[in-house]
Amino acid sequence: MAATPRVAIIGAGIVGCSIADELVMRGWSDVVVIEQGPLFAAGGSTSHAPGLVFQTNGSKTMAEFARYTVEKSCSLELDGEWCFNQVGSLEFALTPDRLRELHRRAGFAEAWGIESRVIDPDEAARLWPLVDRDAILGAYHVPTDGLAKAVRVSEAQARRATEGGARFLGRHTVTGIRTDDGRVRAVITDQGEIEADIVVCAAGIWGPLIGAMVGMTVPLQPLAHQYTTTGPLPEVVALAIPPERENVHPIVRVQDRDLYFREHTDRLGVGSYAHVPMPIDASTILHPTKAPVMPSVLDFTPDTFAESWRWAQAIVPALRAPGVGVDHGINGIFSFTTDGAPLMGESADVKGFWLAEAVWVTHACGVGKAMAEWLVDGGSPTDLHEADVNRFEAHQLAPSYIHDRGVQNYIEVYDIIHPLQPMEDPRPLRTSPFYEREQELGAYFLEGNGWERPHWYGTNEGLLGRYDIPRRNAWAERYWHPIAGAEALATRDAAGLYDMTSLKRLEVTGPGALSFLDGLTTNRLDRPVGTVVYSLMLDERGGIRSDLTIARLGRDRFQIGANGNLDYDLLRRQAPADGSVAVRDITSGTCCVGLWGPRARDILQSLTDADVSNEAFRYFQGRELWVGNVPVTALRLSYVGELGWELYTTADLGMKLWDTLWAAGQEHGLIAAGRSAFGSLRLEKGYRSWGSDMTTEHDPYEAGLGFAVRMDKGDFVGRSALEQKDGANPARRLVPLTIGDREAVVMGKEPVEVDGRPAGYVTSAAYGFSIDKPIAYAWLPPDAAQAGQAVTIRYLGEAVSATVATDPLFDPEMTRLRS
Ligand SMILES: Cc1cc2nc3c(=O)[nH]c(=O)nc-3n(C[C@H](O)[C@H](O)[C@H](O)COP(=O)(O)OP(=O)(O)OC[C@H]3O[C@@H](n4cnc5c(N)ncnc54)[C@H](O)[C@@H]3O)c2cc1C
């Protein structure tokens, strides 16, 4: 048998143990887990976590991690004792907004295949008799949730891994990592060196210190969190819970008060996120040999818990009795990230150095499995892009950003977050060269990846007299204005100017550029200079890693419209070592404006000597030309389905480009239009958005992107996987739905039912102003994905009737784009 790589995992918390178990299960037995504390109550966050596992999450990936944690923990036991106590969970609503949110969560659960129900206060009080029934408006119940006994789950997995050959070294402190020629070679401990081909940092709140050993920023913020237990509480004592069971009723969350509860045999555990945030500098966390209790436990601060206690009393009458109070409390430390997702994957700069950081108990086994799949198989069937550590932009690695966003995510951990809700601080961070003009036009900005992005323009309010824009339900109306609808229609009628600067742009150059890109993507790139190609990057399974527009601007020069930093990371990683290819992120130094609509040509032609007629400058072609005084790369593309161009120039000339187009466009009815209109127009045209409509979990045929795959070209990543697939009969399909009720705009991630049974989920949604109907794209099984099929979208608990339609909904003959 071929030798497997030597893997050293730093940290024997639940994450390190899960990874070790999953690696050994896959045949990688040369695994050593190095832990500075005693095994297995090692002193990290796992050692004191009360272990509540709520699987529901807006993120499909996170829900899958949690579902696997439940499944796996249920299958484990340690010396006859349980690892998972599947008592179910309840989340109580104290406000109408929360009740609506619980319905939304029930929608996520149904979409991701987790059984759940929203129940009335009486039933909730029957399931959890400690609650003040009159304080709640309803509850959300997930029967398969429960308590993970985190240390036992760790040890049970570690034992199995040990049987398979893994070694666990307690009381070994990692003090350094030896690297050589850009890759890891060994872990240095206080008891000697351990050679390794792969090092996985699963050090929890110590992660930033381990990252620093290889010069890597690990963007997580440790924060102290308050967890308490009461003394014996008569109402819990009366339940006569056997000590070995600990807890018989569902675990409970009261997000309106930032509280959660569980039983501890005769006591009640009360955790709170309501207190003042307590960020901790990782370098101040004590070593297990120096910590009075354990390193991740700080002294309880009763004063910061006082308000939480009052709120707990308001919900649980038993806590109001004289003499009842906090018997024991801790300020326990665990990790928060800038966007709430874990940090997984390999360092961009040090080969063989991997992270599995900022993971809750809830997600630990799922993360362990995905890490092992990634290491052993090169990827996971679960889409990991939200958790990939290479997702961050440079500004997101600033210490102040990591600190402030970590703190904010702690504050917001239970908040109701609208899908469009932007971060509030720090802003503005990244602005395009058009920002000043956009402000003058009354832009309403939302933030994405640090960029200020106009969603609509106040000065377009006058357009509302021209168009009938329907209102929408209250949730969908947030961060939206009818002006956006008018902008969409005005684009179709005349022309719109769209700031596309925030889209990632890469430049790939060098004598090896063509063959490099051709081997990484599905479409044929060997075409004349001036051609633009839509192409896909796949993984080895044939899953879609990204979709790109690749413009050949010179023999050895390509400009790529990409989806984000992961594309940049992938291209850099894959680029040949011989220097024949250079990959550059040119986003920040350049800008882009979309000039789209039937009058786009009139406007552009009035500003350039170049011939931009249909005959001279065809669809999916690119040229370098002058727009007034501004040198521009013009690509005849349109994500909104209209005649027009993406116009790129350097950032210094951006405002001049905007002003030039603006002045010339006035007589043609040019307006500035925002991302809200853009989103609507792109869905009418059926253009997929990577990350929401499709990910690595989907292949091109399922996603309706088979046209971008050329099996008649040479080899490319993912090709052999596609050869095994029947492109004409995919296992599921992404299809448009139209909704009859004009106000029933949905948001995405809602479940779709066929004949009353869950069948799929919505990916993107918008109102289609040209077709005058709400649109939703959804994944459905093939038999349901037929035009005319009636389906139901479950939206915030309401049934919304929809019909599968033919793709695309607008201009299927492409007459507008090609004219
Ligand atoms: C009070 C509290 C309540 C919580 N409640 C819940 C909950 O109900 N549900 C939930 O899902 N999550 C909960 N969490 C979060 C959860 O506990 C953590 O996210 C999780 O345990 C992290 O696991 P880990 O394996 O990544 O980290 P840890 O358990 O911290 O493991 C990391 C290990 O790395 C070791 N290590 C670090 N540096 C070195 C070094 N240099 N050399 C050798 N070893 C090293 C440490 O000693 C440690 O044992 C809670 C956290 C707290 C603080």
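Everything here concerns the structure above.
Residues numbered from 1 in each chain as written. Predicted model: local features only at pLDDT ≥ 70, side-chain atom pairs only at ≥ 80, totals over all residues. Heavy atoms only, no water.

A. Focus on the overall build of the chain. Each helix and strand counted, the chain has 19 helices and 43 strands in total. For 819 residues, the compact-globule estimate of 2.2 N^0.38 gives 28 Å, and the chain sits close to it at 28 Å. When its C-alpha atoms are laid out on the principal axes, the chain stretches across 85 × 65 × 50 Å. Here the chain holds 819 residues, and the buried ones make up 61% of them. (Helix = DSSP H or I, 4+ residues; strand = E, 2+ residues; numbered from the N terminus. Rg over C-alpha atoms; globule rule 2.2 N^0.38 Å. Buried < 20%, exposed > 50% of the residue type's maximum accessible area, 1.4 Å probe, protein only.)

B. Broad picture of helix 3 (residues 96-112). Spanning 17 residues, helix 3 covers 25 Å between terminal C-alpha atoms, matching the ideal 24 Å at 1.5 Å per step. With 12 of its 17 residues buried, helix 3 lies for the most part within the structure. Immediately downstream of helix 3, the backbone of Gly-113 shows phi near 85°, a positive value. (Expected span 1.5 Å × (residues − 1).)

C. Geometry of the site of the ligand. For the ligand, the set of nearby residues contains 34 residues, the closest of which are Glu-35, Thr-46, Leu-52, Val-359 and Thr-362. Protein chains shield 97% of the accessible area of the ligand, which is 1,000 Å² for the free molecule. Looking at which element gives the most residues to the shell around the ligand, the answer is strand 22 (residues 326-337), with three residues. Broken down by class, the residue content of the shell around the ligand amounts to 19 nonpolar, 14 polar and one charged. (Near = heavy atom within 4 Å. Areas by Shrake-Rupley, 256 points an atom, 1.4 Å probe, with all protein chains shown as cover. Nonpolar A, V, L, I, M, F, W, Y, C, P; charged D, E, K, R; others polar.)

D. Quick peek at the packing of helix 1 (residues 14-25) against helix 5 (residues 150-163). At a minimum axis distance of 8 Å, the contact between helix 1 and helix 5 shows a crossing angle of 30°. The pairing of helix 1 with helix 5 is recorded here as roughly parallel in orientation. Two packed elements cross with a definite hand, and for helix 1 against helix 5 that hand is left-handed. The residues of helix 5 that touch helix 1, namely those facing Ile-14, Cys-17, Ser-18, Ala-20, Asp-21, Val-24 and Met-25, are Ala-150, Val-153, Ser-154, Gln-157, Ala-158, Arg-160 and Ala-161. A breakdown of the residues in the contact of helix 1 with helix 5 according to their chemical character gives nine nonpolar, three polar and two charged. (Axes fitted to C-alpha atoms, helices over the stretch in contact; angles between N-to-C directions. Parallel < 35°, antiparallel > 145°, perpendicular 65-115°, else oblique. Left-handed = near helix turned anticlockwise from the far one by under 90°. Contact = heavy atoms within 4.5 Å.)

E. Main features of the sheet that holds strand 23 (residues 343-346). Strand order in the open sheet made by the six strands is 11-2-1-15-24-23, with mixed pairing throughout. Only two strands of the sheet have a single neighbouring strand rather than two, namely strand 11 (167-169) and strand 23. Each strand of the sheet is rotated relative to its neighbour by a mean of 20°, with strand direction disregarded. Sheet topology note: the strand 2 (residues 31-34)/strand 11 ladder contains three bridges and is parallel. Across the sheet, the residue bridging to Val-32 is Arg-167, located in strand 11. (Pairing = 2+ DSSP bridges.)

F. Geometry of the pairing of strand 42 (residues 790-795). Alternating positions in strand 42 separate cleanly, Val-791, Ile-793 and Tyr-795 being buried on one face and Ala-790, Thr-792 and Arg-794 remaining unburied on the opposite face. In terms of strand pairing, strand 42 meets strand 43 (residues 798-804) through six bridges, oriented antiparallel. Across the sheet, residue Val-791 finds its bridge partner in strand 43, namely Ala-802.

G. Representation of the sheet that holds strand 3 (residues 52-53) in the model. Taken together, three strands build an open sheet; the order of strands is 3-10-6 and the sheet is antiparallel. The sheet is open, and its two edges are formed by strand 3 and strand 6 (84-85), each paired on a single side. The pairing of strand 6 with strand 10 (residues 146-148) spans two bridges and is classified as antiparallel. Paired with Phe-84 across the strands is Ala-148, a residue of strand 10.

H. Molecular detail of the nonpolar core. Judged by nonpolar contacts, the single largest core of 53 residues is most densely connected at Tyr-498, Leu-737, Val-752, Leu-780, Val-791, Ile-793 and Tyr-795. Examining the composition of this core, we find that six residues originate from one element, helix 12 (residues 482-493), more than from any other. Counting residues in each nonpolar core, the second largest holds 49 residues, with Ala-12, Ala-156, Val-200 and Ala-370 among its members. (Core = buried A, V, L, I, M, F, W, Y, C linked by side-chain atoms within 4.5 Å.)

I. Up close: the packing of aromatic side chains. Counting across every chain of the model gives 27 aromatic pairs. Aromatic rings pair up to connect Tyr-227, Tyr-260, Tyr-273, Phe-334, Phe-336, Trp-360, Tyr-410 and Tyr-414 into one cluster. In this arrangement the basic side chain of Arg-623 is found over the ring face of Phe-617, its NZ or CZ atom lying 5.0 Å from the centre. (Phe/Tyr/Trp six-rings, centres within 6.5 Å; stacked < 30°, edge-to-face > 60°. Lys NZ or Arg CZ within 6 Å of the ring centre and 35° of its normal.)

J. Structural view of the pattern of salt bridges. Enumeration over the complete set of coordinates arrives at 57 salt bridges. One salt bridge in this structure joins Arg-599 and Asp-602, with 2.9 Å as the shortest N-O distance. Judged by its relative accessible area of 31%, Arg-599 falls in the partly exposed class. Residues joined in a network through salt bridges with shared partners are Asp-21, Glu-22, Arg-26, Lys-72, Arg-160, Lys-369 and Glu-373. (Salt bridge = Lys/Arg side-chain N within 4 Å of Asp/Glu carboxyl O.)

K. Fine view of the side chain of Thr-738. Tracing the sequence through the fold places Thr-738 in strand 38 (residues 733-739). When sequence neighbours within four positions are dropped, the list of residues in contact with Thr-738 reads Ile-771, Lys-773, Pro-774, Ser-801, Ala-802, Thr-803, Ala-805 and Leu-809.

L. Seen up close, the pairing of strand 39 (residues 751-754). Here strand 39 shows a buried face lined by Pro-751 and Glu-753 and a second buried face lined by Val-752 and Val-754. Sheet analysis places strand 39 next to strand 40 (residues 757-768), joined by four bridges and oriented antiparallel. Looking across to strand 40, one finds that Pro-751 is bridged to Tyr-761. Where strand 39 hands over to strand 40, the hairpin turn is made up of two residues, of which Asp-755 adopts a positive phi near 50°. Pairing between strand 39 and strand 42: two bridges, direction antiparallel.

M. How the structure looks around unusual backbone geometry. Cis peptide bonds are those with omega within 30 degrees of zero, and the linkage from Asp-425 to Pro-426 qualifies with 0°. Secondary-structure assignment places Pro-426 in the loop between helix 10 (399-411) and helix 11 (435-440). In this chain, Arg-427 is followed by Pro-428 through a cis amide linkage whose omega measures -10°. Relative to the elements of secondary structure, Pro-428 occurs in the loop between helix 10 and helix 11. One non-glycine residue, Asp-181, lies in the positive phi region at around 55°.

N. The arrangement of the side chain of Arg-552 in detail. Among the secondary structure elements, Arg-552 is positioned in strand 30 (residues 544-554). Residues within four places of Arg-552 in sequence aside, it is in contact with Leu-514, Leu-525, Asp-526, Arg-527, Pro-528, Val-529, Gly-530, Thr-531, Arg-557 and Phe-558.

O. How the structure looks around the environment of Leu-429. Counting through the fold element by element, Leu-429 comes out in the loop between helix 10 and helix 11. Of the residues examined, Leu-429 reaches a relative accessible area of 34% and is grouped as partly exposed. C-alpha separation for the pair Leu-429 and Trp-451, spaced 22 residues apart in sequence, amounts to 6.4 Å.

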